[in-house]
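# An overview of the molecular structure
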Amino acid sequence: MYEPYPVPELAREHQKFLYSSLWTFAKQDLRLLVFLLIIAGCIGLGIGYLWICLGIACLIFFGIQLRSLYLVNDWISNRPYDVPPNLNGIWGALLFNVYRSQRQERIVQSEMVGLIDRTQSSLVALSEAIILTDDSHQIEWWNPAAEKLFGIQAVDRGRNLLTIIRQPDFIEYFHNTHQAPDGVKIKLVNHDNKYAQIKLTRFGNESRLLVAHDITRMKNLEQMRSDFVDNISHELRTPLTVLSGYIETFTDQEDINPRWKRAFEQMQSQTKRMNALVNDLLLLSRLENEKQIAKNQIIEMPSLMNHLFDDAQAYNIDYGHTLNLDIDSHCDLIGSDMELASAFSNLITNAIKYTPKGGTITIGWHDDGERGYFSVQDTGIGIDPKHLPRLTERFYRVDSARSRQTGGTGLGLAIVKHVLMQHGAHIEIESKENEGSTFIAVFPKERLYKMHE
Ligand code: ADP
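Residues numbered from 1 in each chain as written. Predicted model: local features only at pLDDT ≥ 70, side-chain atom pairs only at ≥ 80, totals over all residues. Heavy atoms only, no water.

### Quick look at the side chain of Thr251
- By the element assignment, Thr251 lies in helix H7 (residues 216-252).
- A relative accessible area of 6% places Thr251 in the buried class.
- In terms of polar contacts, Thr251 uses its side chain to reach the backbone carbonyl oxygen of Ile247, at 2.4 Å.
- Excluding residues that lie within four positions of it along the chain, Thr251 makes contacts with Lys261, Phe264, Glu265 and Gln268. (Helix = DSSP H or I, 4+ residues; strand = E, 2+ residues; numbered from the N terminus. Buried < 20%, exposed > 50% of the residue type's maximum accessible area, 1.4 Å probe, protein only. Polar contact = N/O pair within 3.5 Å; in protein donor to acceptor, adjacent residues only side chain to side chain. Contact = heavy atoms within 4.5 Å.)

Rendered as structure tokens:
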């Protein structure tokens, strides 16, 4: 941020000089004129040509003024940065004032240049890549880190930025910067397997400041973590299937000792939990790795809603809630049916699980012409607002003991978030502790299919 420059002492002096002392300098000229007239008058009276002598004195005075004017003009036109010629009278004052304001301007200018130099050298030293573009998106300036990251060269000055960073994700972000406050991650084309996080800031009319940094290490670590979870989940699947098969066989035996029966039942419920966890981890890892946008199936919402409602009723048997179905839209959804069904079903089972017996759950689908809203409203335990921002993180639970008791894996909402993200949708949560919660999946217009138009 540039601080406005303080007016130097010189400038104020200058102002005072301008308005109060001009008369002092004019008096010098008047004194010269009077002096010339007196001398000419005396000579004129002596030789008997008074008027002629006075006229000559005036001409001499006029000549002196003309010479001063010539010197002033010569200085301004040819050597404005040199010390001005030493003149008396108002011409001297004029030169002095011009010279002072010029000096002051040069001081401010050199301070500005110094500041720009300092800013520029700090930008040059940054490890982040910086690129400045003008109003027509042409590259104006960049630092060495940008050369390394994007391979920009001197010949690229004045080239359109979008002809250098051509990845579709970046182009989309460039035109809709406000939609991605955290910027965009792209794979760099001029390096093998390198990634950058780019953030754009608009200034002036259409000018932009691009800041980018190398996130390859972070991306690799993320990939390692995801691969690790994926592999371990796959490895756990087989032993778990074998274990739960045997446990089920033993539990089902009629002549089993009652002491063992209880132990086998507990083993069965724990293996079920582990199975659910492994399945959720695998689904989440698949959702994370599948970068492409969700499929474009047309999902008939009345049918899906009825299906979900039937499943909810089956799950609700132990809870005894009142379940309502509220469909107020003629739109269907465009997306991946299995994934959306699993996300919606997660929201419904949560509502049932986290509502004390005898509550009311309403499952809704409506649209306002611009967006589609799938909602699940419950009269359950609600959520303290401080938990809301972290609720969709994997394994984040408000009350871990309660969640485990209800058989939760802690991954349900993370899966919902990822499925919605793939559909360009997002989740909105409204909740009041001890009163209930509403989870709303908001779908953009592009995902709505209006069949009854
Ligand atoms: P879990 O498998 O533990 O239910 P989720 O990711 O589905 O995991 O949910 C995360 C946490 O959010 C839950 O542990 C619970 O504390 C809270 N939560 C989710 N849905 C509701 C709801 N409808 N009412 C109250 N709390 C909820």
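### Some thoughts on the site of the ligand
- Taken together, 21 residues lie near the ligand, and Asn350, Tyr354, Ser403, Gly410 and Leu413 sit nearest.
- One of the side-chain N or O atoms of Asn350 is found 2.8 Å from an oxygen atom in the ligand.
- Note that an oxygen atom of the ligand is positioned 2.8 Å from one of the backbone N or O atoms of Gly410.
- Within the complex, 97% of the 520 Å² of free accessible area of the ligand lies under protein. (Near = heavy atom within 4 Å. Areas by Shrake-Rupley, 256 points an atom, 1.4 Å probe, with all protein chains shown as cover.)

### With respect to the pairing of strand E3 (residues 184-187)
- Going residue by residue along E3, you find Val184 and Ile186 tucked away on one face and Lys185 and Lys187 left uncovered on the opposite face.
- Two elements, E3 and strand E4 (residues 195-203), share 4 bridges in a ladder whose sense is antiparallel. When the bridges of E4 are listed, Ile186 appears paired with Ala196. (Pairing = 2+ DSSP bridges.)

### Examining the nonpolar core
- One finds Leu333, Phe344, Ile348, Trp365, Phe374 and Phe443 to be the most contacted residues of the largest nonpolar core, which totals 43 residues.
- Elements supplying a minimum of two residues to this core: helix H8 (258-289), helix H9 (301-315), strand E8 (331-335), helix H10 (337-353), strand E9 (360-367), strand E10 (372-378), helix H12 (412-422) and strand E12 (436-443).
- It is H10 that provides the largest number of residues to this core, a total of 7 residues.
- Both of domain 3 (224-289) and domain 4 (297-450) provide at least three residues apiece to this core.
- Apart from the residues within four sequence positions on either side, Leu333 is in contact with Gln297, Ile298, Ile299, Met301, Leu340, Phe344, Trp365, Phe443, Arg447 and Leu448.
- Counting residues in hydrophobic clusters, the runner-up holds 24 residues, among them Ile139, Phe150, Leu162 and Leu210. (Core = buried A, V, L, I, M, F, W, Y, C linked by side-chain atoms within 4.5 Å. Domains from an automatic or database assignment.)

### Observations regarding the sheet that holds strand E7 (residues 322-328)
- With mixed pairing, the 5 strands of this open sheet are ordered in space as E7-E9-E10-E12-E11. The open sheet is flanked by E7 and strand E11 (426-432), the only strands paired with a single partner. Within the sheet, the average angular offset between the axes of one strand and its neighbour, ignoring direction, is 10°.
- When E10 meets E12, the two strands line up antiparallel, connected through 6 bridges. Within the sheet, the bridge partner assigned to Phe374 lies in E12 and is Ala441.
- Against the sheet, H9 contacts E7, E9 and E10, and its axis sits at roughly 175° relative to E7. (Axes fitted to C-alpha atoms, helices over the stretch in contact; angles between N-to-C directions.)

In short, the description is geometric, and any link to function would need to be established separately.
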